[in-house]
Amino acid sequence: MAEAPLRKFQATPANPWNRPKAAHLLNRAGFGGTPEQITRLAAMRVETAVDEVLNYEQTSDAAFPEVDFSRLRELYAAVQRARRERADQRTLRELANQINRENRLKFQELRANWIGRMIQTTRPLQEKTVLFWHGFLVSGFPETGASEHMAIQLDLFRRMATGNFKELILGISRDPAMLSYLDNNSNRKGRPNENYARELLELFTMGIGNYTEQDIKEAARAFTGWTFAGNDFVFLRNQHDDGPKTFLGRTGNWDGTDVINIIFEQPATARFLPRRLWEFFAYLSPEEPLVEELVGVFRRSNWEVKPLLRTIFQSAAFYSERALRAQIKSPAQLVVGAVRLTGAGIPELGLARAMDLMGQALLYPPNVGGWPKGQGWVNTATMLVRYNFSNLLVSGTMPGVGRQRPTAARVDHLVDAGRVRTAGDVIDQLVDRFIQSPLDGRRRWGLLRAFGTNREDTPIVLDGERGQEQLRSAVHLVMSTPEFQLH
Amino acid sequence: MSQGMTRREFIRKGLTMVAVGATAPSFITRTALAMNNPWDVAQVTSRPGVPDDRILVVVQMGGGNDGLNTVVPFGSDAYYRARPNLAVPQKDVIRVTDDLGFHPRLTQLKELYDKGAVAVIQGVGYPNPSRSHFKSMEIWHTADPEGRVVRYGWIGRYFDSKCPVCEQPTVGVNIGPAMPLAMQAESGMGVSLEAPEAFQWMPSFNGIGDREEQELFRLLNAPAANEAGTIDFLRHTAMNAYVSAEQVRGAVRAYRGGVDYASTRFATNMKLIAQMIAGKLPTKVYYAHITGFDTHATQRGIHETLLQQLAEGVAAFYRDLEAQGNADRVLVLAFSEFGRRVAENGSAGTDHGTAAPMFVFGKPLRPGLYGQQPSLTDLTDGDLKHGIDFRSVYATVLDRWLGTDPQKILGHNFEQVNFI
């Protein structure tokens, strides 16, 4: 009998639920676990572990400081006042400059705030899913000019992270950051702007090849008049084209909501998101029968994301050879995960800059297609940045980012000295923490030599300056490996 | 290698390291040997009469450049009817012929044109054009409008064809955060970089010492014979970076400067390319980016700024090459994934279109306008019909500039354009 492609993972003596698999769940559904967190999850049943990760609403999340946009709001109000009072050009220009400066400042603050959240959150899946949506329903600077709009969009993603996809598509279609990013705020009756309609179909819901150029033009007409004022969605009736439109074979006086309803009647729509989610959380180019089953789950739940995620995280395929330690970490994953692992106190703006250099500038996506994936993350430039990033953690500085802490970091907390007798013991602990799978003999030997020995059984004492230096080099080296780029 | 290790020393150490391993990864040996005399590698495969030191610089204008507001058909009433807000007024156009001219912000481009260093190829596109950024960019990068699944780019396939110096990672250098599909090669050759000062691996401070860490770094990253897939890709990328880093920074250090560039990102990247050329980096193809051409709304200010940045960057680069004495060796090819709709939209912008002009810059070309300005009244779905297939331009560059058989790279014969 052929196995169901998405059958649930069943622990057997030959294929147990164990630390490497618990580590895998924590990596993919969040930003990785410490050795202690991995041990805790490995002691549960797999269903319990998945539920704990998935039902994050039950975990109270520390109150994060919000970015304060009050000065920006005052500046916008001042501009409106100045316009009403017919102020001179110089005054208006000066206000516009102030707004630009303040937006740039707040934009950086928001990036730092989000990274801080990813690092500290007790609900890693929520922030991980926000990252997914940010790379999928893409908006960003500089096309979205207002920093507060990006904060509002991140909150939308956070609120609906694992909720209903159709509602999220409705939400994003009315989201100020998106409305300005894809120019729907100037999509008007008579002279439609196709930008949002095209990407809604191509990148957000159906995928290329499932509609015609004419469908795009008709959908653009349906979204005329959808714009925003301040931070709120508004529908401008006098700019809306309420004539008949024929979209995907259906004719009527459609507006944007009708278009979305019709989109969700298409078979292509049911197939689009499940594949993207699988590729983000598990592996690229999934087997077609597996996608088919996910599509069924998605359709039966009326476009709920959470049941999809549960199916993914409980599946045998998710814990198979194709998935385990086979994905290249995104820059956010690498940076946030490493900081969670090491507890290195680096200012978030420095971390954001490091991610920029690795090719993932948060809130500044390369284009509406979002981030690269898989091997697309890695080239000669980003590889060296990724390696040098470990120096930011251990030495407090790296090229392109500059010094972020005055002195080198202590690293002794990364090894439990009570369990160390030999050099091999130290390597075991470092490999367990950073690589989470065995390292081949020659590479292990390379790490041993950082401790001045060729032998596993050489007795070792980590106290003292020399021990710290050796450990610091070993930590930098273990993170400067291809193995550490995978999870 | 960053900490004062010489190239010779690296080669010795690199080979020693390989000897320590079970089998010698041929890539390391080849690379190490090639570094001794870059221009001696694979000479046998180059065509007699075509110098091996020619360089191609590809400039990608990302987002879909509005060709009609770049090379303006100011003699056409249809142009002014289609663009009541966005058309460039006749009096502002920099005239090139009686009915065509450059956008007023392209003065520096016109100066190059008057020097005989610009070829404009008009109405470039391909059959059944895609108006998706991603699909169309993929088509331009793979040179495959049939949309077959091609894993490597047209330049990458040139690297794979054993071009001179193709055994070295630096045969292709992309300035930017992601290697474009066009440059991706089966052989894995080609490097990406942004800031040369960040292009090196740094040992830790307060560790066991730079020299020791560097040695262990190579041990941990050396490719192994029995690996495949992602881990092998990562190791090769790491070693490509490691062996190229000193080369690149050495080349950049050798640059004397003296030419002023604008402070824009594009100009800065063009300057970096000029630095690497001055430093004799053994590179055949450089790749630079200027983005933001997706002007759906309030196009005017955005587009004219970009055009000015393009012209300034290319003009400064050309002056630099002349000062270096390298102008005869370098050809610049600028393209965008599509042009824009003939009629403006209601947002004072333009939506995705089709055919548009391509630009070639450099001393060693036959200047002028090539092809025809597509008709503004005989349209397909409101879009221009192309006259020249972009693969004809690629074929010309591959054959007449890089000295390789274009049919091998592109799969078919394409009629060439006489700009070289």
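A. Examining the sheet that holds strand β2 (residues 71-72) of chain B more closely. Spatially, the 3 strands line up as an open sheet ordered β2-β4-β3 (chain B), and their pairing is antiparallel. The open sheet has two edge strands, β2 and β3 (94-95) of chain B, and neither has a second partner.

B. Structural detail: the packing of aromatic side chains. In total, this model carries 40 aromatic pairs over all chains according to the counting rule given. With 4.2 Å between their ring centres and 25 degrees between their planes, tryptophan 201 of chain B and phenylalanine 217 of chain B make a pair best called stacked. Placement of the pair is tryptophan 201 of chain B in the loop between β7 (191-193) and α7 (210-221) and phenylalanine 217 of chain B in helix α7, with a sequence separation of 16 residues. One exposure class covers both tryptophan 201 of chain B and phenylalanine 217 of chain B, and it is buried. Considering the side-chain rings of tyrosine 370 of chain B and phenylalanine 419 of chain B, the 6.4 Å spacing of their centres and the 75 degrees angle between planes classify their relative orientation as edge-to-face. Note that tyrosine 370 of chain B is positioned in strand β11 (residues 368-370) and phenylalanine 419 of chain B in the segment after α12 (406-410), a separation of 49 residues in sequence. Just as tyrosine 370 of chain B is buried, phenylalanine 419 of chain B falls in that class too. Sitting over the ring of phenylalanine 31 of chain A, lysine 128 of chain A keeps its end group 5.7 Å from the ring centre. Above the ring of phenylalanine 484 of chain A, the side-chain terminus of lysine 329 of chain A is found at 3.7 Å from the ring centroid.

C. A look at the pairing of strand β2 (residues 232-235) of chain A. Residues and elements named next belong to chain A. The pairing of strand β1 (residues 226-229) with β2 spans 4 bridges and is classified as antiparallel. Note that in β2 the partner of tryptophan 226 across the bridge is phenylalanine 235. Counting the residues in the hairpin turn of β1 and β2 gives 2 residues, including glycine 230, whose phi is positive at 60 degrees.

D. Inspection of the interface of chain B and chain A at higher detail. On the chain A side, the residues contacting the 58 residues of chain B number 60 residues. Across the chain B to chain A interface the summed buried area is about 4,900 Å²; carbon plus sulfur atoms make up 60%. Summed over the shared surface of chain B and chain A, the result is 4 salt bridges. Measuring nitrogen to oxygen at the nearest pair gives 3.9 Å for the salt bridge that ties glutamate 227 of chain B to arginine 443 of chain A. For the pair chain B and chain A, the interface holds 31 residue pairs in polar contact (both at pLDDT 80 or more). Of all the elements in the fold, those that place two or more residues in the side of chain B that touches chain A are α5 (133-142), β7, α7 and α8 (229-253) of chain B. Residue contributions to the side of chain B that touches chain A peak at 9 residues, all from α8 of chain B. A per-class count over the side of chain B that touches chain A returns 26 nonpolar, 19 polar and 13 charged.

The rules behind the values
Residues numbered from 1 in each chain as written. Chains lettered and ligands numbered in written order. Predicted model: local features only at pLDDT ≥ 70, side-chain atom pairs only at ≥ 80, totals over all residues. Heavy atoms only, no water. Pairing = 2+ DSSP bridges. Helix = DSSP H or I, 4+ residues; strand = E, 2+ residues; numbered from the N terminus. Phe/Tyr/Trp six-rings, centres within 6.5 Å; stacked < 30°, edge-to-face > 60°. Buried < 20%, exposed > 50% of the residue type's maximum accessible area, 1.4 Å probe, protein only. Lys NZ or Arg CZ within 6 Å of the ring centre and 35° of its normal. Contact = heavy atoms within 4.5 Å. Buried area = accessible area lost by both parts, 1.4 Å probe. Salt bridge = Lys/Arg side-chain N within 4 Å of Asp/Glu carboxyl O. Polar contact = N/O pair within 3.5 Å; in protein donor to acceptor, adjacent residues only side chain to side chain. Nonpolar A, V, L, I, M, F, W, Y, C, P; charged D, E, K, R; others polar.

This is a description of form; function is not addressed.
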